[in-house]
Amino acid sequence: MSLLNIETDRSKYPVKGEDGKLQIDLDSHKYVKLWQGPNHPGVTGNMALELTLAGDEIVESKTHVGYLHRGFEKLIERRLFVQGLPTSIRMCVAEPDSNEYVYSTCVEQLSGIDIPEMAKWIRALLLEMARLQALLRVVPGQGGTFALGLGVQWGVYMRELILDRFEELTGGRVYHMFMTPGGVRGLLPGGFKKRMEENLKEIDQFVINIDNLMYSNSVFKKRAIDVAVLDPSWIDKYGAVGPVARSAGYNRDVRKDYPYLIYDQLDFEPKVMNHSDIYNRSRIRWYDIQTSVDLIRQIMAKMPEKGDIKAETPNVLHWRIPKGETYVRSEASRGEYGLYMVTDGSDKPRRINLRGPSYTQAVALLQDLLVGANIADVAAIMVSLQTCPPEIER
Amino acid sequence: MSLKDTLIPFKAWGNLVKKPVTLKDPMREGAPRYRGFHKNDVDTCIGCGSCEAICENEAIVMVPAEGIETKDGDSGLRPLVDYGRCCWCGLCVDVCTTGSLSLSNEHTWICEDPEELKYIPGIDKKPWDEKEEGWKKPVPNYHFYGQERVSMEEMEAEERGDSFIEFVKGYSKEQAQKEADRCVECGICVATCPAHMGIPEYIKAIRNDDIEEGMRVLYETNPLPEICGRICTHKCEDVCSVGHEGDPLSIRWLKRYIADQVPSDKYKEILDTQKIYKGDKKIALIGAGPASLSAAYYLSLLGHNCTIFEKLDKAGGMMRYGIPEYRLPYDQIDKDVKYIESLGTEIIYNTNVDAAKFMELKENYDVVYVGTGLHLGRSTAIPGSDHEHVFQSIDLLREITEGKEIMVPEKVVVIGGGNVAMDITRSIARLQKIKYGKVGVITTSLEKEEVMPADREEVVEAREEGSIINPGWGPKSIEIEDGKIKGLHVVRCLSIFDETGRFNPSLDEDDKNFFEADMIVESIGQGMDISYLPEELKEKIEFGPRGRINVDDYFQTSLDWLFAGGDMIQGPDVIHGIANGHKAAIGIDNFLNKK
Ligand SMILES: Cc1cc2nc3c(=O)[nH]c(=O)nc-3n(C[C@H](O)[C@H](O)[C@H](O)COP(=O)(O)OP(=O)(O)OC[C@H]3O[C@@H](n4cnc5c(N)ncnc54)[C@H](O)[C@@H]3O)c2cc1C
Ligand code: SF4
Ligand code: SF4
């Protein structure tokens, strides 16, 4: 008997009641409610986890969103098609280019517009750069959740290098707004490829350094291996995609399964693993960094030197799209990222709806995966699912 | 846990000997394409407001700017940017019709007063104004609206060269909608159009495939759309914003497209004129040209009774008796005129108003309106110009319309470099082609090719049809042998105006040329014939500097019952006549209401 009359054998509770639901009686003093978020350094963005703890073990968890809702989908429904672009990118700060791609492609598909070859290569380049910079943050960020901040510092620097290239190519560092409906807004500036190659070389070294710092690190391993193991049967049940699905043995990648832009002309095999714990979910993204680096090199080598950057489009000030609907998907660093757009013949979309990986992975999947985990692992599990609250809320 | 796994993370200490990567103050420059604070070349900017229209954040408002005047092709407004709203997308730069707007690569600006973060780029001076670097409109082939005009189907020169059939075919629906799509709806054209037609609105109606709405917009300011849709001097197109980087909108053809779609019997229903109120006021209008027709139309809508007195046997004035049929078919004039007549205006033909008749009209009507145009040809007065085979272009053109047989020899010289000269050149070329199977016209003007007043397309098409256009010569004399014209002697014309800007051609007498001809046509301008005004009235009417009757803003002369419009006051072109007529109708209505 302990002093506070707390049962130390936690396997006894909570028990299921007759209705099959867990019996959690807070008055029993066996449980504590703890909110992690909406503002919490361990939460990537604003969302809240309502945790029920028995000791430091999570027995029940609920995801709460609604703290970051900006109504972008609705805002876009009140904007001309060209005006939707700068608004669309804000749906996901971490990787805004996927928004540009799916948004512009929806507009193009519904208008029956084919973009020039050159624009396709530049779009693919931008998407890989976007993936890379996102991964440069999230991969070392996994270490950060275990208080290993050094890798984060390195990652921030590496990411800045890619943002330099973004700035050079698009005029913006974080928000690029470069894939306007119909094409892209410019060719690669002179010397771009050379400077990019220099950056990629630094990133090659970063990949090795991170391996030493994190993946070979005994403490990291102890915290990450076999923690929050995701049963492969959950993947389809919860609609998990991207690295999360691939870490659980599902060879899924939109770039391969539904090739878009010029991805069918590139040579790559996304990594697949067979044991989805925190360690592998993070490590698979470390492989993804290398795939992205390789793809950027391939794109720069294979892309044409010259070519049109934009197809002829209707006048953007009164671009109208006939009645129709479409769903455009792409592979973001987090997995399938798609946009559903409905048009009604007017100059504004009737409805748009974003399908982002975080919506499924960080709402339903996260709350169930947390059960049984330790309170200290919540942030790590969340990052291992690459949770992006802005994309959940839109 | 292996020893290696415990030790390997310590490799990170190696960074201690590396150079730091953090940036120090001052901040580094933005990249050459950086999207920083706005710059605007305010002298190039025309205040079209396309930047304001595209901005999804309403970060731009168009405002009057110090030192910028409103003028043709310039609204006088300039964009003001609010950085509390701007998201640096740069769409405003990409859409800018003149390319005046750009972004600098400057990205830091610290100030205490948030109001400072609103400014008019280019007017409110900023440290980055002179910076070369920053976002500019993407090149090449990156456009937010169509740059090229949808080409108009026309008959080839061989096909049209011996025919007076209209050779411009008109747009199909697809073509018209594609062309209409290019409009940025800035309305710069509206200010320049003498009639201030609702151009963006009727172009929008085409895009919406709402022809009826288009008709209503046209008739608000112009009751001769079939005519204007074909031959308007389209000053609007000269100032069209889209023309700064691409082809201006084909405004005139779009107007024609609307009118062409609507059969005459639908007009009253669409324009809601089946029943219009008629009062007891009577207005006499002299001359059935556009100036009178337009006045009569709007006066009818205001409930007044109009009677037009016309010298010739059909309506239209110079539109019918000047402009050749291949440019403006007579049935199209009839369509516009018949609708005006159907609203109650009576046209009395073959009635030359002289001084006596004029006084009679003054007695019997509440108001007299004159729109008698310019119908006196001007002569060069060079030796030989009094020969019977020296003609005035407007006389010949009228006779062609009247179906009279005019003299058509194998060799003709036309003197003149304006559109009227081109009309007679091309008409005679057609008649020659019909008669002889070949063309023998030489057209010469004082002006050199670059400054010929005729529209470029007229010159090009005249040449395609076989006429020789040989500009830059001053006519000296007409050679006559045995009573017959042999040709025209000319000398090189060096310049037309002297330093003070007065018409005073300077000729190089040593650089001579001779154009063979059996007949000569003079086409160097027209004068006004107001001999119908009784002398005692002439004394009371105020005249302006060049013998023109003085009128106020509503075309009222110094005699309150007398109004005047059209070529005799302003222009000369059809749209000025229409605008004058509209304004005069309002003036007349006001005058009658006060009476
Ligand atoms: C060859 C030619 C080509 C032209 N091409 C174009 C063109 O492409 N586009 C364009 O916009 N403009 C063109 N113009 C100019 C345009 O036709 C005139 O500006 C316009 O017709 C003037 O309108 P108005 O009503 O003032 O006079 P007019 O059209 O000249 O009409 C005056 C009418 O008054 C009648 N009249 C005159 N005196 C009397 C009287 N005493 N009693 C009774 N009736 C009288 C005349 O018979 C005539 O019908 C052209 C002119 C000419 C000569
Ligand atoms: S950059 Fe974008 S947000 Fe800023 S003023 Fe221009 S259009 Fe508006
Ligand atoms: S779009 Fe360009 S030309 Fe038009 S108002 Fe704006 S800055 Fe001036």
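Counting starts from 1 at the beginning of each chain's written sequence and moves along it residue by residue. Whichever chain is written first is A, and whichever ligand is written first is 1; the rest continue in order. Local features in a predicted model are, by the rule used here, given only for residues with pLDDT of at least 70; side-chain atom pairs are given and counted only at 80 or more, and totals for whole chains, interfaces and linings are based on all residues. The side-chain figures draw on all heavy atoms in the structure; neither hydrogens nor water molecules are used.

Chemist: What should I look at first to understand the interface of chain B and chain A in this one?
Modeler: How large an interface is tends to be reported as the accessible area lost when its parts come together. Here, two residues are considered to be in contact whenever any of their heavy atoms come within 4.5 Å of each other. At the junction of the two partners, chain B supplies 46 residues and chain A supplies 46 residues. When two parts are brought into contact, each loses some accessible area as probed by a 1.4 Å sphere; the total of that loss over both is the buried area. When the two sides are added together, the surface that chain B and chain A hide from each other amounts to roughly 3,500 Å², 52% of it contributed by carbon and sulfur. Basic side-chain nitrogens of Lys or Arg form a salt bridge, by our definition, when they fall within 4 Å of a carboxyl oxygen of Asp or Glu. Linking chain B with chain A are five salt bridges. With a closest N to O distance of 2.7 Å, Asp94(B) and Arg185(A) form a salt bridge. We call two N or O atoms a polar contact when they sit within 3.5 Å, provided that within protein one can donate a hydrogen and the other can accept it, with sequence-adjacent residues counted only if both atoms are side-chain atoms. Here chain B is connected to chain A by 28 residue pairs in polar contact (both at pLDDT 80 or more). Put simply, DSSP marks the helices as runs of H or I at least four residues long and the strands as runs of E at least two long, and each gets a number from the N terminus on. For the side of chain B that touches chain A, the secondary-structure elements that each account for two or more residues are helix 1 (3-7), helix 2 (50-54), helix 3 (91-95) and helix 5 (173-181) of chain B. Put simply, Ala, Val, Leu, Ile, Met, Phe, Trp, Tyr, Cys and Pro go in the nonpolar bin, Asp, Glu, Lys and Arg in the charged bin, and everything else, Gly too, in the polar bin. For the side of chain B that touches chain A, a count of residues per class yields 25 nonpolar, eight polar and 13 charged.

Chemist: Just to check I follow, could you spell out the environment of Ser151(B) for this structure?
Modeler: Residue and element names in this part refer to chain B. Here serine 151 shows up in the loop between strand 5 (118-119) and helix 4 (157-160). Between the C-alpha atoms of serine 151 and serine 250, which are 99 residues apart in sequence, the distance is 9.2 Å. In this structure serine 151 touches Tyr171 and Gln175, once residues within four positions along its chain are discounted.

Chemist: What is the right way to read the domain arrangement of chain B from this model?
Modeler: All names here are of chain B. Segmentation into domains, and thus their bounds, comes from an automatic or database assignment. Under the domain assignment, chain B is made up of domain 1 (38-130), domain 2 (162-270), domain 3 (277-375 + 528-594) and domain 4 (378-526). Computed from C-alpha coordinates alone, the two centres of domain 1 and domain 2 are separated by 31 Å. With 12 residues of domain 1 at the interface, the matching set in domain 2 holds eight residues. Summed over both sides, the interface between domain 1 and domain 2 buries roughly 720 Å², with carbon and sulfur atoms accounting for 61% of that surface. Taken as a group, Ile46, Gly73 and Thr97 account for 49% of the area that domain 1 buries against domain 2, more than any other trio of residues on that side. Our enumeration of links across domain 1 and domain 2 arrives at one residue pair in polar contact (both at pLDDT 80 or more). Class assignment of the residues belonging to the side of domain 1 that touches domain 2 gives a composition of three nonpolar, seven polar and two charged.

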